[in-house]
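Geometric and topological summary
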There are 2 protein chains.
Amino acid sequence: MRWLTKITNNFSAEKREFSKKLKYLLGYEAVNLEIYEQALLHSSKSVEITQNNERLEFLGDAILDAVIGAHLFRIYPKREEGFLTELRSKIVSRKKLGELGKAIKLDNYINYDEKKVVLSNRMLGNALEAVVGAVYLDAGYAQSEKFILDKLLKPHINLDTIFQTEVNYKSILLEWAQKRGKSVSFEMANTEYDQVEERLFVMEARLNGSVVSTGKARSKKVAGKEAARKAIRKLGIVVEKA
Amino acid sequence: MRWLTKITNNFSAEKREFSKKLKYLLGYEAVNLEIYEQALLHSSKSVEITQNNERLEFLGDAILDAVIGAHLFRIYPKREEGFLTELRSKIVSRKKLGELGKAIKLDNYINYDEKKVVLSNRMLGNALEAVVGAVYLDAGYAQSEKFILDKLLKPHINLDTIFQTEVNYKSILLEWAQKRGKSVSFEMANTEYDQVEERLFVMEARLNGSVVSTGKARSKKVAGKEAARKAIRKLGIVVEKA
């Protein structure tokens, strides 16, 4: 039986090592190690849906949105929906998630095939989402909230800075259209059915005269900006700075 | 002091009545009644951000995505990210949320100005999102999960039916292009960096020869469909059935 004991010991040692590394990453003792292994397994190592981290990305993405959304809701009690949506979308942007993954040293954890792929910012962000999904499955919503706020948001995201680097949606849209010989205009729309007082403005973003999107806000300026932001999303324009 | 007692009694009676109605709606005893009052207050009655239900909509939307995402993740253990995303987007579509609001009789709860607006499917869906946000704030994530699954999803959504009424993205895209005198084609793309075995296909949707989007899947058919779905979103094409 000596060989079996040896195998078991080696196996346990490896598990113990991984468990210790995870504790450092997560700030708590993981129970189901396999789920974290999956979260860190890039598709270059396994294309099997049930083994690699792509499904967990889907889950983690939703948990990140909920936790960060609820957090912003609480810390900005007087800001409107559009503001909260915009601020959150900056925090969970591809670029920012990759930076967060790097900040918590996920590059030391991801299991990928170095012969096939180069570790990218995008892979780091995806793995981070998957890890959040694993935290949710292994330890529940409250723990994933704690992980996201205490390990990611509070130490690595400066909300004031993010706020200042606000994207100028209108100029991005105008520039995009100009390059393609199209015209952009912003126009006041008619009053909408669920809009009741004069200080609510609905602005339309128009491309060659056709409405692409509308934005609603308490000032024309903000409504126009909101319309531009939506138009950019609808038209699939890539916003580099976000 | 008799008048004071009378006022207090009337006030309490009203609160008690609302609390009883809420219990019927939610399936549990609400603690912070004010937050539900706000969730049910349409902007036609108050344009104040801190009073009407628009901020709570933002919160509820995120909680719905997380809870339904996690639920689908669990009940479809072998389905890929794209499938889960698509199925969820159908469940939380404007139309479906309005129907769910109607199904749980939210029309009896919404506080709106009948002289200014007509109660719409959209208002019902928005109020439903706001109620979910209120449940989360008042009773926590676990209770909002219970509410969403037991009161909304399980009794009122037939996942098989939703699945069957699958949108034919390719034909929608083709029709849209045809009307505009543009050509659409689907072509196999080169292998991508994170794709390692031959049974993963990457298909491109092209408009007048230019790539609009790509789809990745284990069959060419599904990859093409996925590419079409993304192209529709990018081009801002409105899908009526969704």
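Residues numbered from 1 in each chain as written. Chains lettered and ligands numbered in written order. Predicted model: local features only at pLDDT ≥ 70, side-chain atom pairs only at ≥ 80, totals over all residues. Heavy atoms only, no water.

**Observations concerning the overall build of chain A**
Test applied: The way it works is that DSSP assigns letters per residue, a run of H or I at least four long becomes a helix, a run of E at least two long becomes a strand, and they are numbered from the N terminus. To sort residues, take the accessible area from a 1.4 Å probe on protein chains only and compare it with the maximum for the residue type: under 20% means buried, over 50% means exposed, and anything in between is partly exposed. It only takes one pair of heavy atoms within 4.5 Å for two residues to be counted as in contact. Method for areas: the Shrake-Rupley scheme with a 1.4 Å probe, in which residue coverage is limited to the protein chains shown.
Tallying secondary structure elements over chain A gives 10 helices and three strands in all. Secondary structure elements of chain A occur, N-terminal to C-terminal, as α-α-α-α-α-α-α-α-α-β-β-β-α. Buried residues in chain A amount to 48% of all 242 residues. Across chain A, every contact between residues at least 6 apart in sequence was considered, and the portion connecting residues at least 24 apart equals 54%. When the accessible area of chain A is evaluated, it comes to approximately 12,500 Å², of which 50% is carbon and sulfur surface.

**So, the domain arrangement of chain A**
Our working definition: Domain limits in this description derive from either an automatic procedure or a database domain assignment.
According to the domain assignment, chain A consists of domain 1 (2–164) and domain 2 (169–234). Once you take the C-alpha centre of each, domain 1 of chain A and domain 2 of chain A turn out to be 36 Å apart.

**Focus: the interface of chain A and chain B**
Rules: As used here, buried area is the combined drop in accessible area, with a 1.4 Å probe, of two parts when they are placed together. The term salt bridge refers to a pairing of a side-chain nitrogen on Lys or Arg with a carboxyl oxygen on Asp or Glu at a separation within 4 Å. N or O atoms within 3.5 Å of each other form a polar contact, as long as, within protein, one can give a hydrogen and the other can take it, and as long as residues adjacent in sequence are counted only when both atoms are side-chain atoms. Throughout this entry, Asp, Glu, Lys and Arg are counted as charged residues, while Ala, Val, Leu, Ile, Met, Phe, Trp, Tyr, Cys and Pro are counted as nonpolar. The remaining residues, Gly among them, count as polar.
Taken together, the 48 residues of chain A in the interface contact 51 residues of chain B. Between chain A and chain B, the buried area comes to about 4,500 Å², and carbon and sulfur atoms account for 59% of it. Our count for the chain A to chain B interface comes out at zero salt bridges. Where chain A touches chain B, the interface holds 11 residue pairs in polar contact (both at pLDDT 80 or more). For the side of chain A that touches chain B, the secondary-structure elements that each account for two or more residues are α3 (54–75), α4 (81–91), α6 (121–139) and α7 (141–156) of chain A. A total of 14 residues in the side of chain A that touches chain B trace back to one element, the largest contributor, which is α3(A). Split by residue class, the side of chain A that touches chain B holds 21 nonpolar, seven polar and 20 charged.

**Structural notes on the sheet that holds strand β3 (residues 210–217) of chain B**
All names here are of chain B. In plain terms, the rule: Pairing between strands requires that DSSP locate at least two bridges from one strand to the other. Inter-axis angles, ranging from 0 to 180 degrees, are taken between N-to-C directions of lines fitted to C-alpha atoms, where helices are fitted over the stretch in contact.
Judged by pairing direction, the sheet is antiparallel, and its three strands sit side by side in the order β1-β2-β3 without closing on themselves. Strands with a single pairing partner mark the edges of an open sheet, and in this sheet they are β1 (184–188) and β3. Across the sheet, the mean angle separating the axes of adjacent strands is 25° when strand polarity is ignored. Packed on one face of the sheet, helix α9 (residues 169–179) meets β1 and β2 (201–207) and runs near 135° to β1.

**Concerning the pairing of strand β3 (residues 210–217) of chain A**
Residues and elements named next belong to chain A. When strand β2 (residues 201–207) meets β3, the two strands line up antiparallel, connected through seven bridges. In the strand pairing of β3, A205 is matched with S213. In this structure, the hairpin formed by β2 and β3 is closed by a connection of two residues, where N208 is found at a positive phi of approximately 50°.

**Some remarks on the nonpolar core**
Put simply, the test is: Here, nonpolar core means buried Ala, Val, Leu, Ile, Met, Phe, Trp, Tyr and Cys residues that are tied together by side-chain atoms lying within 4.5 Å of each other.
Counting residues in hydrophobic clusters, the biggest one holds 112 residues, and the most contacted among them are A:L26, A:Y36, A:L106, B:L26, B:Y36 and B:L106. Excluding anything up to four places from it in sequence, A:L26 contacts A:Y36, A:V131, A:V135, A:F147 and A:K151.

**Here's the deal with the side chain of B:S213**
Residue and element names in this part refer to chain B. Structurally, S213 is set in strand β3. Judged by its relative accessible area of 5%, S213 is buried. At 3.3 Å, the side chain of S213 forms a polar contact with the backbone nitrogen of A231.

**Concerning the sheet that holds strand β1 (residues 184–188) of chain A**
Residues and elements named next belong to chain A. Across the sheet, three strands lie side by side as β1-β2-β3; this open sheet has antiparallel pairing. Because the sheet does not close on itself, it has two edges, and the strands there are β1 and β3. Direction aside, the axes of adjacent strands within the sheet are offset by 25° on average. Contacts from helix α9 (residues 169–179) reach β1 and β2, with the element oriented near 135° to β1.

**Re unusual backbone geometry**
Residue and element names in this part refer to chain A. One non-glycine residue with positive phi stands out, namely K105, at about 65°. Classification of K105 as partly exposed rests on a relative accessible area of 46%. Phi at N208 takes a positive value of approximately 50°, unusual for a residue other than glycine. Within the secondary structure layout, N208 lies in the loop between β2 and β3.

**A few points about the side chain of B:S44**
Residues and elements named next belong to chain B. Tracing the backbone through its elements, the reader meets S44 in the loop between α2 (33–39) and α3 (54–75). Of the residues examined, S44 reaches a relative accessible area of 3% and is grouped as buried. One polar contact links S44 to H42, side chain to side chain, over a distance of 2.8 Å. At 2.9 Å, the side chain of S44 forms a polar contact with the backbone nitrogen of D113.

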